Amino acid sequence: DAKRNLPSHAGSLDTLIEHYTLSLREIDRLQREFEQARGEYVSLELGVDDVADHVRKRYAGVAEKVQAIFVKHLEKDGWPPQGRLANVDVFDKLVAPLLAERTKRVGYFLIDALRYELGLELHRQLTDAGATKIHAVSAQLPTVTPVGMASLLPGASKKLTVMRDGKDVVAAFDGLRLTTVATRMKVFEQQYGDRFAQMTLSELNSGKKTKVPDAVNLLVVRSTEIDSHLESNPDTTLGLVHHVLKGVRVAIHRLKEAGFTDVVIATDHGFFL
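As a starting point, this report considers the structure included with it. (Residues numbered from 1 in each chain as written. Predicted model: local features only at pLDDT ≥ 70, side-chain atom pairs only at ≥ 80, totals over all residues. Heavy atoms only, no water.)

### Examining helix 10 (residues 225-232)
Every buried residue of helix 10 is accounted for by Ile-226, Asp-227 and Leu-230. On an axial view of helix 10, the arc spanned by its buried residues comes to 95°, and they lie on one face. (Buried < 20%, exposed > 50% of the residue type's maximum accessible area, 1.4 Å probe, protein only. Helix = DSSP H or I, 4+ residues; strand = E, 2+ residues; numbered from the N terminus. Arc of directions from axis to C-beta.)

### Describing the sheet that holds strand 2 (residues 160-165)
Reading across the sheet, the three strands line up as 2-3-4 and stay open at both edges, with antiparallel pairing between neighbours. For this open sheet the edge positions go to strand 2 and strand 4 (176-177), each flanked by a neighbour on one side alone. By the bridge criterion, six bridges tie strand 2 to strand 3 (residues 168-173) in an arrangement that is antiparallel. The residue of strand 3 that forms the bridge with Thr-161 is Ala-172. (Pairing = 2+ DSSP bridges.)

### Notes on the sheet that holds strand 7 (residues 262-266)
Here we have four strands laid out as an open sheet, ordered 5-6-1-7, and parallel in their pairing. Bordering the open sheet on either side are strand 5 (196-200) and strand 7, each of which pairs with just one other strand. The mean angle between the axes of side-by-side strands here comes to 20°, regardless of whether they run parallel or antiparallel. Two strands pair when backbone bridges link them, and strand 1 (residues 106-111) and strand 6 (residues 218-223) are joined in this way by six bridges, in the parallel orientation. Residue pairing in the sheet places Ile-111 in a bridge with Ser-223 of strand 6. Sitting on the sheet, helix 4 (residues 87-99) touches strand 1, strand 6 and strand 7, and the angle it makes with strand 1 is about 155°. (Axes fitted to C-alpha atoms, helices over the stretch in contact; angles between N-to-C directions. Contact = heavy atoms within 4.5 Å.)

Right under this line is the structure:
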């Protein structure tokens, strides 16, 4: 179905993105769920590996067609696409206005590699947490974690630059090289002072650091589990994905009990299986 429907949605970058967010992302979800089921399935039956290879080739064939169309439009139109929310605008447009109201307390979740279809899954799971919205957002190029996470900082649209350092790509913020988590968190601290605190998702849910000072109305919650496990243990990662989504839901409940009023969940980039 995806292969047959693709040509009628390939005319422009905007049309392709719209098609992906409404329909095409289903092949990513189905492939992810297939790979998870395959990883959990132990059998000596002949032919199972052949079926898996067939599914992967079919998926890769469609994904390669989508990628070729995407790159063609990218070369012509540039990135990010006009008129759509970009990662460099996420904080200033979605978080900063909330913080302007002193009565608001905001949890800002930075979840590494929470690609769009996973965001949609999390959105479905949060229906009982209050009013929720999902936005398709353009990742910052190149889509590597240090650059992507830097693009989610306050003022990134004006202050973020990306430069080469030998073979590496380095993000800089107002001239400061952002090479570690600590340097990125420093940007929040410099702007928000005692109003800012940060911790990992596991720390928040462990109960060891859950007491957030009353003066804090911006809590940054970080998670790198999906991305780091995909890079080092891809065969076992997909079961972990649902654990991370559950962790986000638990953390939101904890923050609600602590008096937080709003949550914004953002990511740096996606991934391809």
